[in-house]
Amino acid sequence: MKERSFRTKAVHSGLAEQRNFKSKATPIYQTSVFSFSSLEELEGYFEGETPYLYTRNGNPNTDELAKAVAALEEAPDGVAASSGLGAILAGILTVAQNGDHVVAASDLYGGTYHLIKEELQAFGITASFVDFRDQQAIEAAIQPNTKLLYSETISNPFLRVENIEGLVEIGKKYNLAVMIDNTFATPYLLQPFTKGIDLVVHSATKYIGGHSDITAGVLVGSKELIEKSRSRVVNMGMNLSPFESWLAYRGLKTLAIRMERQAKNAQELADFLQKHNGVKKTYYPKYVSEQGNGAMVSIELTEEVNMSQFFSSLGWIKIVPSLAGVETTVSYPLGTSHRALTDEEKSAIGINERVVRISVGIEESADIIQQVEQAINDALTR
Ligand SMILES: *Cc1c(COP(=O)(O)O)cnc(C)c1O
């Protein structure tokens, strides 16, 4: 046979068919599509004999991430999405359609609040936001067309811990799906599916990934619900890329060790801040789980603290409008995550210009405390 020309070799040379090398780490299947060597094999995909056809429909890296998170949540199945919000949208559209209504907690993550309040209108889904500390208020907001209760296990930025059992009870009583965002707690602290929550969602951008280098989401639940959610992800183009799936899965391996350390550091920082005279109020939850209370600490500084001086005095602690990386960072809810809220909405949940949210990292606890203390002291005007 004639030797192939340069142009053809440029496209076809390489390891070609010998691809099974038993690498320890999962390879990154950085491919948009999978190949078939016969029509029978192609038909086999549609018969369920081979799992992959086209990456938007499914990819080994995406599945590996989703299955791993599902395993940690003790849920039968999971699907990954291009962001936390993508996973939330896929989950909501799994249980609510045109004409339906959602009852959601009023202290949701800003992006989720916007999604539910504004974007769901395009799908003909309406929503009511209520204070989820008040069980009667939740029940009072339920309408004949309500299909879903939506909340977060630990809220942002005041770290209110949701009454999961209470929500499950209301869901049963009114035959509603209950969906919860477990981003702040992670399955290391809480596994809401095991308590009867139908859909559990994560912004894997946060603790699952853990290194602030990806945007990703994962949704877990029953086989039946996740099958429907997967259709939403596939058909609405919300799939996660193979490389980001790979990074998230890589991050997930150290979730337990990171959360253990970060929660311990957070507890120590919260204990310290509680006693500092520049701090009016410290928000750090109690009794979240036997594994700890999470790694987020929020504070309201006193009138004597010059806020811009505080933020400029943080040294190695960066101002970062996100959370959950291995580095300790601070964010300013008024200026970022809750910026889009009206003044009324802000004051209703207690956001003001003195609130600071700290995402505690894996560094040496004493160094974190020392740096935060120095920033407050530098900014104290008397
Ligand atoms: C960040 C975050 C989201 C949104 O996730 P993205 O990955 O940014 O889309 C949703 N819920 C919570 C609690 C978050 O912290």
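Residues numbered from 1 in each chain as written. Predicted model: local features only at pLDDT ≥ 70, side-chain atom pairs only at ≥ 80, totals over all residues. Heavy atoms only, no water.

Engineer: Provide a residue-level description of the UniProt feature "coiled-coil region" (unreviewed entry) in the chain, including the pertinent values.
Structural biologist: Following the UniProt record, one finds the feature "coiled-coil region" (unreviewed entry) at residues 249-276. As annotated, residues 249-276 comprises 86% helix and 0% strand, and the C-alpha atoms at either end are separated by 39 Å. (UniProt positions renumbered as here; feature names shortened; annotations may be inferred. Helix = DSSP H or I, 4+ residues; strand = E, 2+ residues; numbered from the N terminus.)

Engineer: Account for the site of the ligand, naming residues and giving values.
Structural biologist: Near the ligand you find 14 residues, and of these Gly84, Asp181, Ser203, Thr205 and Lys206 are the closest. Within the side chain of serine 203, an N or O atom sits 2.8 Å from an oxygen atom of the ligand. Within the contact set of the ligand, an oxygen atom lies 2.7 Å away from a side-chain nitrogen or oxygen of lysine 206. Computed on the free molecule, the ligand has an accessible area of 380 Å², of which 92% lies beneath the protein chains in the complex. Broken down by element, the shell around the ligand gets its largest block of residues, 3 residues, from helix 4 (residues 84-95). For the shell around the ligand, the per-class residue count stands at 6 nonpolar, 6 polar and 2 charged. (Near = heavy atom within 4 Å. Polar contact = N/O pair within 3.5 Å; in protein donor to acceptor, adjacent residues only side chain to side chain. Areas by Shrake-Rupley, 256 points an atom, 1.4 Å probe, with all protein chains shown as cover. Nonpolar A, V, L, I, M, F, W, Y, C, P; charged D, E, K, R; others polar.)

Engineer: Could you give me a rundown of the packing of aromatic side chains, with the residues and numbers involved?
Structural biologist: Using the criterion set out here, one finds 7 aromatic pairs in the structure. Ring geometry for phenylalanine 158 versus tyrosine 283: centroids 4.6 Å apart, planes at 50°, classification tilted. Residue phenylalanine 158 is located in the loop between strand 4 (146-152) and helix 7 (164-174), and its partner tyrosine 283 is located in strand 8 (residues 279-283); the two are separated by 125 residues in the primary sequence. Here phenylalanine 243 and tryptophan 246 contribute two aromatic rings whose centre-to-centre distance is 6.2 Å and whose plane-to-plane angle is 20°, an arrangement assigned as stacked. Of this pair, phenylalanine 243 and tryptophan 246 are both found in helix 10 (residues 242-252), 3 residues apart, which corresponds to roughly one turn of the helix. Residue tryptophan 246 is classed as partly exposed on the basis of its relative accessible area, which comes to 22%. (Phe/Tyr/Trp six-rings, centres within 6.5 Å; stacked < 30°, edge-to-face > 60°. Buried < 20%, exposed > 50% of the residue type's maximum accessible area, 1.4 Å probe, protein only.)

Engineer: Break down the sheet that holds strand 8 for me, citing the residues and quoting the values.
Structural biologist: Pairing is mixed in the open sheet, where 5 strands are placed in the order 8-9-12-11-10. Strands with a single pairing partner mark the edges of an open sheet, and in this sheet they are strand 8 and strand 10 (318-319). Both strand 10 and strand 11 (residues 329-331) contribute to a ladder of 2 bridges, which runs parallel. Among the inter-strand pairings, isoleucine 319 is bridged to a residue of strand 11, identified as valine 330. (Pairing = 2+ DSSP bridges.)

Engineer: Describe the pattern of salt bridges, naming the residues involved and giving the relevant values.
Structural biologist: Evaluated as defined, the whole model comprises 15 salt bridges. Aspartate 131 is the salt-bridge partner of arginine 133, the closest N and O atoms lying 2.7 Å from each other. With its nearest N and O atoms 3.7 Å apart, the salt bridge here joins glutamate 300 to lysine 280. With glutamate 300 in strand 9 (residues 296-301) and lysine 280 in strand 8, the pair connects residues that are 20 residues apart, well separated along the chain. Several salt bridges converge on common partners, so that one network encompasses Lys67, Asp77, Glu227 and Arg230. (Salt bridge = Lys/Arg side-chain N within 4 Å of Asp/Glu carboxyl O.)

Engineer: An account of the packing of helix 4 against helix 5 (residues 110-117) is needed here, citing residue identities and associated values.
Structural biologist: Taken N-terminus to C-terminus, the directions of helix 4 and helix 5 make an angle of 35°; their axes are 10 Å apart at the nearest point. Remark: the crossing between helix 4 and helix 5 carries right-handed chirality. Where helix 4 abuts helix 5, its residues Leu85, Ile88, Leu89 and Ile92 lie against Gly111, Thr112, Leu115 and Ile116. When grouped by side-chain class, the residues that make up the contact of helix 4 with helix 5 number 6 nonpolar, 2 polar and no charged. (Axes fitted to C-alpha atoms, helices over the stretch in contact; angles between N-to-C directions. Left-handed = near helix turned anticlockwise from the far one by under 90°. Contact = heavy atoms within 4.5 Å.)

Engineer: Explain the pairing of strand 2 (residues 101-105) to me, and be specific about the residues and the numbers.
Structural biologist: Most of strand 2 sits out of view: 5 of its 5 residues are buried. Of the two faces of strand 2, the one carrying His101, Val103 and Ala105 and the one carrying Val102 and Ala104 are both buried. Both strand 2 and strand 3 (residues 126-130) contribute to a ladder of 5 bridges, which runs parallel. Looking at the pairing, histidine 101 lines up with threonine 126 of strand 3. Regarding the hand of the β-α-β motif, the stretch spanning strand 2, helix 5 and strand 3 is right-handed. (Right-handed = clockwise from strand over helix to strand, strands pointing away.)

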